[in-house]
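Fold and contact review
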Amino acid sequence: MSAPNPASTGLFINGQRETGQDVRVGNVTAALAVANIVKTSLGPVGLDKMLVDDIGDVLITNDGATILKSLEVEHPAARVLVDLAKLQDQEVGDGTTSVVIIASELLRRGNDLVKNGIHPTTIISGYRMALKAAVSYIKKEMVVNVSELGDDHLINAAKTSMSSKIIGKETDFFSRLAVDAVKSVKMNATAADVAGYDAMGSGGGGGAERLAESASATAAGGTTAGGTKQRYKYPLSAIHILKAHGKSSMESNLIDGGFAINAMRAAQGMPTFVEMSMDGTPVKIAMLDMNLQRHRMGMGVQVIVKDPAEIENIKRREMDITKERIRKIIDAGARVVLTTKGVDDLCMKYFVEAGIICARRCNREDLKRLAKATGGRVVTTMADMEGNETFDAECLGGCDSVREVRIGDGEMLYVYGCRGHGASTIVLRGANEYMLDEMDRALHDSLCVVKRMLESNTLVPGGGAAEAALSVYLDDYATTIETREQMVIQEYADALLVIPKTLAVNAAKDASELVARLRSVHAKGQHSEDMVDYGLKFMGLDLIEGTIRDNLAAGVVEPAISKIKSLRFATEAAITILRIDDRISLNK
């Protein structure tokens, strides 16, 4: 029996409609096209992408999130993967390429299952079962507590993150830089922060892991008054990254407990250096978000003058109002004045006479960071509730000294010994803008990895070790399932091998042989009761030598939360797209 004609039923769709397998194939094809763009950039020997926009600006990177964000993707299913990479970047900061590759492989295998007669609902159910079992296995078997390792685990995690970036050859230097920067902004975590860590699954798996974590946190941070362990947070917003042309990347440096702002003195007559007084009074910094210019009458105000001498009195009064405003700032104790707006010659004259450093046209976000670092506030107006003009001394930030330093082609203001919350600045040096931008992205990923590891206290081995272990485990787990989901879980297990396969292919190694040896070693470790084989679950790929090795001992590690989140995000994205069986494109 044929379907009724839409025209005869009175149903009209002003557009195009795709249903069933057609829309599913289209969605999977689009998702695979997006994944293929970033696939060759995965791993320590991944390749870079050059992106040229419509006006000719060039972007060279191998960061998955940056590549996908720069693409103008129109297909709705492909946009899901772009949003997936963006979400992974926001939540974890690293692993954006791998999460897209896993999601696309799950989609491809799910589509093949549909072609073989498996209903999409069964596939979705099987993927959810496999995800639950995989996360449980990671937390129970793969997660290693940092209390069991030395202090170098943070550096190893940072090295693993930046090994595939442009600064991969100087990982020793930049990993230490990243770890020191994150540790310098350490703050006590609130109850809401701790609840967030636990909600992310950062507490590990069984009781032994939590007990070890409790012991490590107590040893590292002590206990609070209530007897509970003190947890810490590391806000990356307090780490300021400045980029300056010139010198080599190894000349980059960290200003611990200090702050650098890309600004210079407004006049040559101002001092280049101010420091705290002999009695220990700190240098006070005024941070303004307003113009420091000669006072002028408002628009539309008319003054009728009968005596020409009164014109001079009006001008003099305008100058006096400006002088009083500057005097209020100086009397509050400010020795450095930074503003996001302009400073005219009249105001500059008063600052030069008072021996004050003044900088104009500062970046507003930089001033907000500096205010937090020095314990001050950004002032937007001097008007008080009574309509008068005052300047509150409590708005001033404090530091030990401020110095103008020549960096590359320009000058920067360095603020040392900030008196507020933890703050630090990383000054990156490099040959050109492209290199500096890529160094910034690489360092951001490493900072995120170190932050997650410090907050969660857990890590897993990298280099395909976790994926290979999960593949073997899920294959065994699938045989215990008596329903139709068994075949789906086996496909999920095979899909996870796309990560070690891609790593090996990008390193110009024999992927089939390496992955087969890796699976064999993990199967032996999981099925053996001999404690000698216990450490085999940490075996991963050595892409330089083309062999397999203990990646935990080799220092190839990443935060456990990164692996768990990427699995969850990839599975949910695949399920979202597989659930679609109808696509209607409406005409405008």
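Residues numbered from 1 in each chain as written. Predicted model: local features only at pLDDT ≥ 70, side-chain atom pairs only at ≥ 80, totals over all residues. Heavy atoms only, no water.

Attention shifts here to the overall build of the protein chain. In terms of regular secondary structure, the protein chain is built from 20 helices and 23 strands. Taking all 588 residues of the protein chain together, the buried fraction comes to 50%. Entry remark: accessible area of the protein chain is about 27,800 Å², with carbon and sulfur atoms responsible for 51%. (Helix = DSSP H or I, 4+ residues; strand = E, 2+ residues; numbered from the N terminus. Buried < 20%, exposed > 50% of the residue type's maximum accessible area, 1.4 Å probe, protein only. Areas by Shrake-Rupley, 256 points an atom, 1.4 Å probe, with all protein chains shown as cover.)

Core analysis: the largest hydrophobic core is formed by 75 residues, its most contacted members being Val100, Ile123, Tyr127, Ile138, Leu474, Tyr492 and Leu567. When residues of this core are assigned to their parent elements, the largest contribution, 11 residues, is made by helix H6 (residues 120–142). Formed by 34 residues, the second largest nonpolar core is a distinct cluster that contains Val146, Met162, Ala178 and Leu552. (Core = buried A, V, L, I, M, F, W, Y, C linked by side-chain atoms within 4.5 Å.)

Right, let's talk about the environment of Lys39 for a bit. When you line up the elements, Lys39 lands in helix H2 (residues 20–39). With near-sequence residues (within four places) excluded, Lys39 lies in contact with Ile101, Val498, Thr502 and Asn506. (Contact = heavy atoms within 4.5 Å.)

A few words on unusual backbone geometry. Negative phi values dominate among residues other than glycine, just as trans dominates among peptide bonds. Phi angles above zero are rare outside glycine, and Arg361 is one such case at about 55°. Inspection of the secondary structure puts Arg361 in the loop between strand E13 (357–359) and helix H13 (364–374). Phi angles above zero are rare outside glycine, and Ala508 is one such case at about 60°. Summarising the element assignment, Ala508 is placed in the loop between helix H17 (498–506) and helix H18 (511–527).

This brings us to the pairing of strand E18 (residues 424–430). The element E18 is extensively covered by neighbouring structure, given that 7 of its 7 residues are classed as buried. Covered by surrounding structure in E18 are Ser424, Ile426, Leu428 and Gly430 together with Thr425, Val427 and Arg429, the residues of both alternating faces. Taken together, the 7 bridges between strand E7 (residues 239–245) and E18 define a ladder with parallel strand orientation. Across the sheet, residue Leu242 finds its bridge partner in E18, namely Val427. (Pairing = 2+ DSSP bridges.)

Before going further, it helps to spend a moment on the packing of helix H16 (residues 485–496) against H17. Helix packing geometry: the angle between the two helix axes and the distance between the axes. Relative orientation of the contacting elements H16 and H17 amounts to 25°, with a least axis distance of 5 Å. As the angle between them shows, H16 and H17 are arranged roughly parallel. Within the contact between the two elements, H16 uses Asp494, Ala495 and Leu496 and H17 uses Val498, Ile499 and Pro500. Per-class residue counts for the contact of H16 with H17 are 5 nonpolar, no polar and 1 charged. (Axes fitted to C-alpha atoms, helices over the stretch in contact; angles between N-to-C directions. Parallel < 35°, antiparallel > 145°, perpendicular 65-115°, else oblique. Nonpolar A, V, L, I, M, F, W, Y, C, P; charged D, E, K, R; others polar.)

Glancing now at helix H20 (residues 560–578). In this model H20 runs 27 Å from its N-terminal to its C-terminal C-alpha over 19 residues, within 8% of the 27 Å that 1.5 Å per residue would give. Along H20, 16 of the 19 residues are buried, which leaves the element largely enclosed by surrounding structure. (Expected span 1.5 Å × (residues − 1).)

Okay, the packing of aromatic side chains next. Using the criterion set out here, one finds 5 aromatic pairs in the structure. Each ring, one from Tyr414 and one from Tyr416, has its centre 6.0 Å from the other, and the planes form 55°; the classification is tilted. A residue is classified by how much of its surface remains accessible, and Tyr414, at 6% relative accessible area, is buried. Between Arg403 and the ring centre of Phe273, over which it is positioned, the NZ or CZ distance is 4.0 Å. (Phe/Tyr/Trp six-rings, centres within 6.5 Å; stacked < 30°, edge-to-face > 60°. Lys NZ or Arg CZ within 6 Å of the ring centre and 35° of its normal.)

Turning to the sheet that holds strand E22 (residues 557–559), a few remarks are in order. Taken in spatial order, the 3 strands of this open sheet run E4-E19-E22, and their pairing is antiparallel. Of all the strands in the sheet, just strand E4 (144–145) and E22 have a single pairing partner and so form its edges. Both E4 and strand E19 (residues 458–461) contribute to a ladder of 2 bridges, which runs antiparallel. Bridged to Val144 within E19 is Leu459. Against the sheet, helix H14 (residues 433–456) makes contact with E19 and E22, and its axis sits at roughly 70° relative to E22, the strand it touches most. Contacting E19 and E22, H20 runs over the sheet at an angle of about 70° to E22.

Take the sheet that holds strand E8 (residues 253–256) next. With respect to topology, 3 strands assemble into an open sheet ordered E7-E18-E8, the strand pairing being mixed. For this open sheet the edge positions go to E7 and E8, each flanked by a neighbour on one side alone. Pairs of neighbouring strands in the sheet enclose a mean axial angle of 20°, with direction left out of account. Alignment of E8 against E18, held across 4 bridges, turns out to be antiparallel. Note that in E18 the partner of Asn253 across the bridge is Val427. Lying over the sheet, H14 contacts E7 and E18, oriented at roughly 160° with respect to E7.

Their axes nearest at 10 Å, the elements H6 and helix H15 (residues 465–478) cross at an angle of 120°. Taken together, H6 and H15 sit at an angle that is classed as oblique. Our pair here, H6 against H15, has a crossing hand that is right-handed. Of the residues in H15, those touching H6 at Met129, Ala130, Ala133, Ala134, Tyr137, Ile138 and Met142 are Ala465, Ala466, Ala469, Leu470, Tyr473, Leu474 and Tyr477. (Left-handed = near helix turned anticlockwise from the far one by under 90°.)

Let's shift gears to the side chain of Lys537. Structurally, Lys537 can be placed in the loop between H18 and strand E20 (539–542). Polar side-chain contacts of Lys537 include one of 2.8 Å to the backbone oxygen of Glu141. Look past the residues within four positions of Lys537 in its chain and what remains in contact with it is Glu141, Met142, Ala465, Ala469 and His522. (Polar contact = N/O pair within 3.5 Å; in protein donor to acceptor, adjacent residues only side chain to side chain.)

Looking only at helix H12 (residues 345–354), the buried set comprises Leu346, Cys347, Met348, Tyr350 and Phe351. Buried positions along H12 lie against helix H11 (309–331), strand E12 (334–339) and E13. Remark: Gly355 follows H12 within two positions and exhibits a positive phi of approximately 70°.

Below, the discussion takes up the confidence of the model for the protein chain. Of all residues in the protein chain, 89% have pLDDT values of 70 or greater, and the mean over the chain is 82. Of the regions scoring below 50 in pLDDT, residues 202–227 engages in 35 contacts with residues more than four places distant in sequence or in other chains. (pLDDT = per-residue confidence, 0-100.)

This part takes up a nonpolar patch on the surface. Residues Met50, Val52, Ile60 and Tyr434 make up a contiguous nonpolar surface patch of roughly 400 Å² in combined accessible area. Along the chain, Met50 falls in strand E2 (residues 49–52). Judged by relative accessible area, Met50 falls into the exposed class, the value being 58%. (Patch = residues over 30% accessible without salt bridge, like charges linked within 9 Å, V, L, I, M, F, W, Y side chains within 5 Å. Salt bridge = Lys/Arg side-chain N within 4 Å of Asp/Glu carboxyl O.)

What follows covers a negative patch on the surface. Taken together, the side chains of Asp53, Asp54, Asp57, Glu72 and Glu74 present a region of like negative charge at the surface. Summarising the element assignment, Glu74 is placed in the loop between helix H3 (64–70) and helix H4 (76–91). A residue is classified by how much of its surface remains accessible, and Glu74, at 69% relative accessible area, is exposed. (Lys, Arg positive; Asp, Glu negative; His and termini not counted. Charge placed at Lys NZ, Arg CZ, Asp CG, Glu CD.)

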